[in-house]
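The residues making up each chain are set out below.
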Amino acid sequence: MTSGTRLLLIGPPGAGKGTQALELSRAFGIPAISTGDIFRHNVKNETPLGLQAKAFMDAGDNVPDSLTNDLITDRLADPDCGGGFLLDGYPRTPDQVRHLDDFLATHDTALDVVVQLVADPDVVVERLRLRAIDQGRSDDDESVVRHRLQVYQEQTAPLIDIFTSRGLVAPIDGIGDITEVTHRIMAALTARRITPS
Ligand code: AMP
């Protein structure tokens, strides 16, 4: 498992990770893996995993690491991840970083870059208010959104320091048109000599 690009997208809820993940997935020809999407699919289909995850998601809390790590181990073992992958919304905690590190080391590979989407909390709250109207996601309710932002600040934002110390973080201004933000990301990746093969 050494060819291809392995990247993470990190940023607060509402920063546009899902949208940019799809753009980058297309550009690099790698699967975009969103743990949030996988959990939502399981909740919708009332699988055992979905039943365990639902209460945490509705409250805007992280699903326990053990469940999340098992899910990602299974997904990254799929053949389509052999040529690289993009992770959107994982890792979210220090324990998940350790798990991912172990997984990558076991498969004799490593991350190429961590794209940090930077967005002001007031802007993301407004974006998520609009998404709640548009998509009806139960965790986009305003009080839950504020809690998700707090969970991000407490549990996920510290991961940026970990990845910065490894020289992996490319901070990108996430405010602007979708295409403009995609261009910013692609320019930052090109500057790091990370280009679609
Ligand atoms: P997202 O679509 O990334 O905003 O995730 C929606 C919800 O799914 C989160 O608020 C969590 O409840 C759960 N979730 C997604 N990814 C993770 C993760 N890596 N660790 C724990 N919980 C997660």
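Keep in mind that what you see is a predicted model, and the values were worked out from it rather than measured.

Focus on the nonpolar core
- Membership of the largest hydrophobic core comes to 29 residues, with the highest contact counts inside it found for Leu76, Leu87, Leu100, Leu111, Val114 and Phe163.
- Every element with two or more residues in this core is listed here: strand 1 (5–10), helix 3 (48–59), helix 4 (65–76), strand 3 (84–88), helix 5 (94–106) and helix 7 (142–165).
- When residues of this core are assigned to their parent elements, the largest contribution, 5 residues, is made by helix 7.
- Of all hydrophobic cores here, the second largest spans 23 residues; its members include Val115, Val125, Leu128 and Ile194.

Observations regarding the site of the ligand
- With respect to spatial proximity, 16 residues lie near the ligand, and among them Thr35, Asp61, Gly89, Arg92 and Gln96 are the closest.
- A distance of 2.7 Å separates a nitrogen atom of the ligand from a polar side-chain atom of Thr35.
- Within the contact set of the ligand, a nitrogen atom lies 2.9 Å away from a side-chain nitrogen or oxygen of Gln96.
- Taken by itself the ligand offers 480 Å² of open surface, and the protein chains cover 96% of this.
- A total of 4 residues in the shell around the ligand trace back to one element, the largest contributor, which is helix 2 (residues 35–44).
- Partitioned by chemical class, the residues of the shell around the ligand number 4 nonpolar, 6 polar and 6 charged.

Criteria and cut-off values
- Numbers given to residues run from 1 along each chain, matching the order in which its sequence is written.
- Totals for whole chains, interfaces and linings use all residues, but because this is a predicted model, local features are given only for residues with pLDDT of at least 70 and pairs of side-chain atoms are given and counted only at 80 or more.
- Side-chain metrics in this entry use all non-hydrogen atoms of the structure; hydrogen atoms and water are not considered.
- As used in this record, nonpolar core signifies buried Ala, Val, Leu, Ile, Met, Phe, Trp, Tyr and Cys residues forming a set joined through side-chain atoms within 4.5 Å.
- Residue burial is assigned from relative accessible area. The probe radius is 1.4 Å, only protein chains are included, and a residue is buried under 20% of its type maximum, exposed over 50%, and partly exposed in between.
- Secondary structure follows DSSP: runs of H or I at least 4 residues long count as helices, runs of E at least 2 residues long count as strands, and numbering of each begins at the N terminus.
- We call a residue near a given molecule or strand whenever any one of its heavy atoms falls within 4 Å of it.
- For the purposes of these results, a polar contact is taken to be a pair of N or O atoms within 3.5 Å, where, inside protein, one atom must be able to donate a hydrogen and its partner to accept one; residues adjacent in sequence count only when each atom of the pair is a side-chain atom.
- Each accessible area is a Shrake-Rupley estimate made with a 1.4 Å probe; only the visible protein chains count as cover when residues are assessed.
- Here the term charged refers only to Asp, Glu, Lys and Arg, the term nonpolar to Ala, Val, Leu, Ile, Met, Phe, Trp, Tyr, Cys and Pro, and the term polar to all other amino acids, Gly among them.

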